[in-house]
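What the coordinates show
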Amino acid sequence: MQIDIIAVGKIKEKYLNLGIEEFRKRLSSYCKLNIIEIPDERTPDNASPSEEEYIKEREGEKIIAKIRDGSYVIPLALTGKMLSSEELAEKMNKLAISGNSHVTFVIGGSLGLSNSVLQRGNFQLSFSRMTFPHQLMRLILLEQIYRGFRINRGEPYHK
Ligand SMILES: C[S@@+](CC[C@H](N)C(=O)[O-])C[C@H]1O[C@@H](n2cnc3c(N)ncnc32)[C@H](O)[C@@H]1O
């Protein structure tokens, strides 16, 4: 399976980079992983709601340009559907079985994802009703993808 993660913004924290590199390494036995970073647009401190919407749309256009044709797209959104780790694993397994071997996860920047990205999504995934920083979200997502592969292969992993 080929997995793309399209994420707005860079990882600035060293401890997160270390964790992300660790899961990239672990995932290399299970899938082809490609992380595509989209530069975040500068948001003025006093930006109005319409300015914020405009910035989100600009980021959204860059995200959509990076989505491969035919990919199954999973935008991460607070308002999406919550799944258990086993349900996410099952979803990935079903996608692989049905020939959807290219999956794209999308993580927004500090303003979130534009409507056009959410609408391009095939399934909006929520990790809880709490807001996580986008840098941390990347690490959490990688860990859950890794967990999903371990679950699907019946391999032991700490509960
Ligand atoms: C700091 S959050 C953006 C918060 C923004 N106010 C919003 O409502 O989307 C940055 C990104 O991390 C992801 N994210 C953060 N918390 C999440 C959660 N609980 N479930 C799913 N995605 C989340 C989303 O992709 C979001 O666009």
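Right above here is the structure, for reference.
A brief report on the enclosed structure follows. (Residues numbered from 1 in each chain as written. Predicted model: local features only at pLDDT ≥ 70, side-chain atom pairs only at ≥ 80, totals over all residues. Heavy atoms only, no water.)

Examined against the element boundaries, threonine 79 turns out to sit in strand β3 (residues 72-82). Threonine 79 sits in the exposed class, given a relative accessible area of 68%. Sequence separation between threonine 79 and serine 128 is 49 residues, and the spatial gap between their C-alpha atoms is 8.8 Å. (Helix = DSSP H or I, 4+ residues; strand = E, 2+ residues; numbered from the N terminus. Buried < 20%, exposed > 50% of the residue type's maximum accessible area, 1.4 Å probe, protein only.)

This part takes up helix α3 (residues 85-97). Since the α-helix packs 3.6 residues into each turn, any two residues three or four apart lie on the same face. An ideal rise of 1.5 Å per residue puts 18 Å on 13 residues; α3 measures up with 18 Å between its terminal C-alpha atoms. Here α3 has its buried residues at Leu88, Ala89, Met92 and Leu95. Around the axis of α3, the buried residues are gathered within 125 degrees of arc, so they sit on the same side. When the buried face of α3 is taken as reference, the exposed residues oriented beyond 90 degrees from it are Lys94 and Ile97. On the buried face of α3, the contacting elements are β1 (2-8), β3, β4 (102-107), β5 (125-126) and α5 (134-152). (Expected span 1.5 Å × (residues − 1). Arc of directions from axis to C-beta. Contact = heavy atoms within 4.5 Å.)

In summary, soluble globular proteins display a tendency toward joint burial of nonpolar side chains. In this structure, Ile3, Ile5, Phe105 and Ile145 are the most contacted members of the largest nonpolar core, which totals 31 residues. Mapped by element, the contributors of at least two residues to this core are β1, α1 (14-27), β2 (32-38), β3, α3, β4 and α5. When residues in this core are grouped by element, the largest group, 7 residues, is from α5. Beyond its immediate chain neighbours, meaning those up to four positions away, isoleucine 3 contacts Cys31, Lys32, Leu33, Asn34, Met92, Val103, Phe105, Ile145 and Phe149. (Core = buried A, V, L, I, M, F, W, Y, C linked by side-chain atoms within 4.5 Å.)

Let us look at unusual backbone geometry. Even without glycine at this site, serine 128 takes up a positive phi of about 160 degrees. Tracing the chain through its elements places serine 128 in the loop between β5 and α5.

Along the polypeptide, histidine 102 turns up in strand β4. In this structure the side chain of histidine 102 is engaged in a polar contact, spanning 2.7 Å, whose partner is the side chain of serine 71. In this view, histidine 102 contacts Gln2, Asp4, Arg68, Ser71 and Tyr72; residues no more than four positions away in its chain are not counted. (Polar contact = N/O pair within 3.5 Å; in protein donor to acceptor, adjacent residues only side chain to side chain.)

We now examine the site of the ligand. What surrounds the ligand is a group of 19 residues, the closest being Leu76, Phe127, Ser128, Met130 and Phe132. Here an oxygen atom of the ligand and a backbone polar atom of leucine 76 are 2.6 Å apart. Contributions of two or more residues to the shell around the ligand are made by β3, β5 and α5. With 3 residues, the single largest contributor to the shell around the ligand is β3. Residues of the shell around the ligand, tallied by class, amount to 11 nonpolar, 8 polar and no charged. (Near = heavy atom within 4 Å. Nonpolar A, V, L, I, M, F, W, Y, C, P; charged D, E, K, R; others polar.)

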